Amino acid sequence: MRVGLLGLGRIGAFHAATLAAHPWVDELVVADADAARAAEVAARLNARVGDPFVADAVVIATPTATHAELLVRACAQGVPVFCEKPVAAGVEDTIRVLKAARRSGTVVHIGFQRRFDAGYTAAREALRSGELGTLHRVHMITADPAPPAPGYVPLSGGIFRDCHIHDFDILRWVTGREVESVYATGSNRGEAFFAEAGDVDNSAALLTLDDGTLVTLQGSRYNGAGYDVRMELAGTLRTRAVGLDPRTPLTSAEGLQPPGEPWPDFQARFEAAYVAEMGAFLGAARGETDSPCTVEDALAALYLAEAAELSRHEGRPVRTAEVIS
């Protein structure tokens, strides 16, 4: 396969290395707004700089504001496309991409890497098999060890759209249920640039699934202990936790302490999942499997983020149906 990649920032460069090493990829074509960066990555990976859309598949890892137009272009050209989340900054452009994808019928895979993590996969299978019994409660945490750059925050869409959208997606994927309502809040405990952008740096929410299951969610941009992403599924027979491993940044008052160094960031924590995700996309681009993470999935997660933001601003529970276009 000839694969094109557009955008060579941190995650884009990681994807480039993954693609260059993949046995199905015969040629990698890269591009970036920074020509020097593109040349350096191409030289290091034995790739070439060129038009990434002249390929059998294309990977988009550019800033969020560019995603919608690039996805529409890929659909118009009939090129299977992988794009890092989100599809677009808002619902209107996400729906525009969804319509383009449906018209073209081409593969569009949106990057929700947690679906390819071994822990989340095992939890999903345990729940679906009946091992946990009837699900009664879910708890989720996504906590970054340090905040993003100040200039990123006003463009991020806020913590629920930028960060917790992964939690919303994995909740739907693991449980197989939809969210009926969201009651969200947040606070500012760190630098002023979050509040100045209308965002929060600590977050919490209560979600109710369509079968009555209660879900609690917590997040932070200032988890100094390290990167912490977990999910707990409590059923009538067993409770299964995702993310409790030797590098979980958590010490108990009774003296239990993980032996390893805490995860420094999302890329280290989910490295294997990112590699598996790209392999799944290439399989879909070759016509061997269905698209594993569709624009419909991304839109469903975005609706939950929209409901959470509305709830936070208005201080009330919001039914998901209120924000669905």
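Everything below is about the structure shown above.
Cut-off values and rules
- Residues numbered from 1 in each chain as written.
- Predicted model: local features only at pLDDT ≥ 70, side-chain atom pairs only at ≥ 80, totals over all residues.
- Heavy atoms only, no water.
- 1 Å grid on protein atoms, 1.4 Å probe; cavity = no way out; pocket = protein on both sides within 12 Å on 5 of 7 lines; lining within 4 Å.
- Points joined across faces, edges and corners; volume = space filled by probe spheres on them.
- Nonpolar A, V, L, I, M, F, W, Y, C, P; charged D, E, K, R; others polar.
- Core = buried A, V, L, I, M, F, W, Y, C linked by side-chain atoms within 4.5 Å.
- Buried < 20%, exposed > 50% of the residue type's maximum accessible area, 1.4 Å probe, protein only.
- Helix = DSSP H or I, 4+ residues; strand = E, 2+ residues; numbered from the N terminus.
- Contact = heavy atoms within 4.5 Å.
- Patch = residues over 30% accessible without salt bridge, like charges linked within 9 Å, V, L, I, M, F, W, Y side chains within 5 Å.
- Areas by Shrake-Rupley, 256 points an atom, 1.4 Å probe, with all protein chains shown as cover.
- Salt bridge = Lys/Arg side-chain N within 4 Å of Asp/Glu carboxyl O.
- Axes fitted to C-alpha atoms, helices over the stretch in contact; angles between N-to-C directions.
- Parallel < 35°, antiparallel > 145°, perpendicular 65-115°, else oblique.
- Left-handed = near helix turned anticlockwise from the far one by under 90°.

Undergrad: Which residues make up empty space enclosed by the protein, and what are the values?
TA: Summed over the entire model, instances satisfying the criterion amount to one cavity of 30 Å³ or more. Estimates place the volume of the largest cavity at around 40 Å³. As for the largest cavity, its lining consists of Pro 86, Val 87, Ala 88, Thr 94, Phe 112, Ile 165, Ala 298, Leu 299 and Leu 302. Its residues assigned to classes, the lining of the largest cavity comprises eight nonpolar, one polar and no charged.

Undergrad: Tell me what's going on with the nonpolar core, and back it up with residues and numbers.
TA: Core analysis: the largest hydrophobic core is formed by 77 residues, its most contacted members being Tyr 120, Phe 168, Leu 171, Leu 207 and Met 231. Counting residues per element, this core draws most heavily on helix H12 (residues 295–314), which supplies 10 residues. Those residues in contact with Tyr 120, other than ones at most four positions away along the chain, are Arg 114, Ile 170, Trp 173, Val 174, Val 229, Arg 230, Met 231, Val 242, Arg 269 and Phe 270. In terms of nonpolar packing, the next biggest core, distinct from the first, is built from 23 residues, Val 25, Leu 45, Phe 82 and Ala 284 among them.

Undergrad: How would you summarise the layout of surface pockets if you had to cite specific residues and measurements?
TA: Here the largest pocket defines a volume of roughly 1200 Å³. Taken together, the elements giving at least two residues each to the lining of the largest pocket come down to helix H1 (10–21), helix H3 (64–77), helix H6 (153–156), helix H7 (159–162) and helix H8 (165–175). Residues belonging to the lining of the largest pocket are distributed by class as follows: 21 nonpolar, 12 polar and nine charged. Approximately 190 Å³ is the volume attributed to the second largest pocket. Surrounding the second largest pocket, Arg 172, Glu 178, Val 179, Glu 180, Ala 300, Tyr 303, Leu 304, Arg 319, Thr 320, Ala 321 and Ile 324 form its lining. Elements represented by at least two residues in the lining of the second largest pocket include exactly strand E8 (179–187) and H12.

Undergrad: Give a detailed account of a nonpolar patch on the surface, specifying residues and quantitative values.
TA: Residues Tyr 183, Leu 206 and Leu 214 make up a contiguous nonpolar surface patch of roughly 260 Å² in combined accessible area. Its location among the elements puts Leu 206 in strand E9 (residues 202–209).

Undergrad: Account for the packing of helix H4 (residues 91–104) against H12, with residues named and values stated.
TA: The packing of two helices is summarised by the inter-axis angle and the distance between the axes. Across the interface, H4 lies against H12 with an axial gap of 10 Å and an inter-helix angle of 165°. In this view, H4 runs roughly antiparallel relative to H12, as classed from their interaxial angle. As for how H4 packs across H12, the hand of that crossing is left-handed. On the side of H4, the interface is formed by Val 91, Thr 94, Ile 95, Val 97, Leu 98, Ala 101 and Arg 102, while H12 contributes Val 295, Glu 296, Leu 299, Leu 302, Tyr 303 and Glu 306. Taken together, the residues of the contact of H4 with H12 break down into nine nonpolar, one polar and three charged.

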